[in-house]
Amino acid sequence: VLPVCVMHFAASSLVGESMQQPGKYWRNNLVQTLSLLDTLVACGVKHFIFSSTAAVYGNPEQVPIPESHPTRPINPYGHSKLAVEHLLKDYEAAHGLRHVVLRYFNAAGAHPDGSLGERHEPETHLIPLVLQVASGRRPEIARFGSQHPTPDGSCVRDYIHVQDLCEAHLLALRRLEAGGASATYNLGNGLGHSVNEVIAAARRVTGHPIPVRDAPPRAGDPPVLVADAA
């Protein structure tokens, strides 16, 4: 029995690492996805949902960022994901592979009952790192840049809860099953929160001082990424 649809989540996804090891990102994110798509075509699978990223936009010309915004990535991670988006258009034209591209902003959060949460090795996401400081598992949080062109000088990001992310994938699947055309959607909440705001919120909730260490800005990191989620 053929799968109704394949959802492709797997990728290398660290912006900083992609600047240092671009080959790893092109190989894993593009070449391996190409192999996957060839397999789906050979097996007759007709529906595909792809985890893309806000990194395809690069430095935004407008905020919030609509899906129609120019795509000008500034790091190999974003370039490799955008290449797959182009690949999907070619595969639809040639093989009828209808697809939904979901451009994630910053996925965050845990299951409400506490049974599932973020777990990365090594951990790189801001919210779990901040909470690791509060729980005594690390001494401080690094803030990468405090002089960005933002209201408080720290990077601004759009955080979408993982439960909403899951719901979006289900809605994308239903769209394809119902015969809907291929489409691209931002997955964000439409609101930006700075690194400083996230740290301040964690301090209020936990009562921990959460020491901050300033570090240089990371190459390939836009100051602001906020979705137009309309």
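If you're wondering where the values come from, they're calculated on a predicted model, not measured in any experiment.

Criteria and thresholds
Residues numbered from 1 in each chain as written. Predicted model: local features only at pLDDT ≥ 70, side-chain atom pairs only at ≥ 80, totals over all residues. Heavy atoms only, no water. Pairing = 2+ DSSP bridges. Helix = DSSP H or I, 4+ residues; strand = E, 2+ residues; numbered from the N terminus. Axes fitted to C-alpha atoms, helices over the stretch in contact; angles between N-to-C directions. Contact = heavy atoms within 4.5 Å. Expected span 1.5 Å × (residues − 1). Buried < 20%, exposed > 50% of the residue type's maximum accessible area, 1.4 Å probe, protein only. Salt bridge = Lys/Arg side-chain N within 4 Å of Asp/Glu carboxyl O. Core = buried A, V, L, I, M, F, W, Y, C linked by side-chain atoms within 4.5 Å.

### Here we look at the sheet that holds strand E1 (residues 6-8)
Here comes step 1: One open sheet accounts for four strands, arranged E1-E2-E3-E8; its pairing is parallel. Each edge of the open sheet is held by one strand with a lone partner, namely E1 and strand E8 (183-187). Between one strand and the next, the sheet's axes are offset by a mean angle of 20°, whatever the strand orientation.
Here comes step 2: Relative to strand E2 (residues 47-53), E1 is paired through three bridges, and the arrangement is parallel. Bridging from a neighbouring strand, histidine 8 pairs with phenylalanine 50 of E2.
Here comes step 3: Contacts from helix H3 (residues 76-95) reach E2 and strand E3 (98-104), with the element oriented near 160° to E2.

### Points about H3
Here comes step 1: Under the 1.5 Å per step criterion, the end-to-end length of H3 is 28 Å for 20 residues, consistent within 8% with the ideal 28 Å.
Here comes step 2: Buried within H3 we find Pro76, Tyr77, Gly78, Ser80, Lys81, Leu82, Ala83, Val84, Glu85, Leu87, Leu88 and Tyr91.
Here comes step 3: Contacts made by the buried residues of H3 are with helix H1 (15-20), helix H2 (22-43), E2 and E3.
Here comes step 4: Glycine 96 sits one or two positions beyond H3 and adopts a positive phi of about 75°.

### Some thoughts on the sheet that holds strand E9 (residues 193-194)
Here comes step 1: The strand order E9-E6-E11 describes an open sheet built from three strands, whose pairing is mixed. In this open sheet, the two edge strands, each paired with only one partner strand, are E9 and strand E11 (224-225).
Here comes step 2: With two bridges connecting them, strand E6 (residues 156-157) and E9 associate as antiparallel partners. Among the inter-strand pairings, arginine 157 is bridged to a residue of E9, identified as histidine 193.

### Side note on the pattern of salt bridges
Here comes step 1: Under the defined criterion, the tally for this structure stands at seven salt bridges.
Here comes step 2: Its salt-bridge partner being arginine 157, residue aspartate 221 comes within 3.2 Å of it at the nearest N-O pair. With a gap of 64 residues between them, aspartate 221 in the loop between strand E10 (212-215) and E11 and arginine 157 in strand E6 connect regions that are remote in the sequence. Both residues of the pair, aspartate 221 and arginine 157, count as buried.
Here comes step 3: What emerges from the salt-bridge pattern is a single network uniting Arg157, Arg218 and Asp221.

### Details of unusual backbone geometry
Negative phi characterises most residues that are not glycine, and trans characterises most peptide bonds.
Here comes step 1: Backbone torsion omega between valine 63 and proline 64 reads 0°, so that peptide bond is classified as cis.
Here comes step 2: Along the polypeptide, proline 64 turns up in the loop between E2 and H3.
Here comes step 3: For the peptide bond that leads from glutamate 121 to proline 122, omega is 0°, which places it in the cis range.
Here comes step 4: One can find proline 122 in the loop between strand E4 (106-108) and helix H4 (126-134).
Here comes step 5: The residue isoleucine 210 is not glycine, and still its phi comes out positive at about 45°.
Here comes step 6: Turning to its location among the elements, isoleucine 210 is positioned in the loop between helix H6 (195-206) and E10.

### Here we look at the nonpolar core
Here comes step 1: Core analysis: the biggest nonpolar cluster contains 13 residues, and Leu126, Val130, Ile141, Tyr159, Val195, Ile199 and Ile210 have the highest contact counts within it.
Here comes step 2: Secondary structure elements with two or more residues in this core: H4 and H6.
Here comes step 3: When sequence neighbours within four positions are dropped, the list of residues in contact with valine 130 reads Ile141, Ile199, Ala202 and Ile210.

### A word on H2
Here comes step 1: For H2, built from 22 residues, the straight-helix expectation of 32 Å at 1.5 Å per residue is met to within 8% by its first-to-last C-alpha distance of 31 Å.
Here comes step 2: Residues of H2 that are buried include every one of Tyr25, Asn29, Thr33, Leu37 and Leu40, and no others.
Here comes step 3: On the buried face of H2, the contacting elements are E1, H1, E2 and H3.
Here comes step 4: Note on H2: the residue one or two positions beyond its end, glycine 44, has a positive phi of about 85°.

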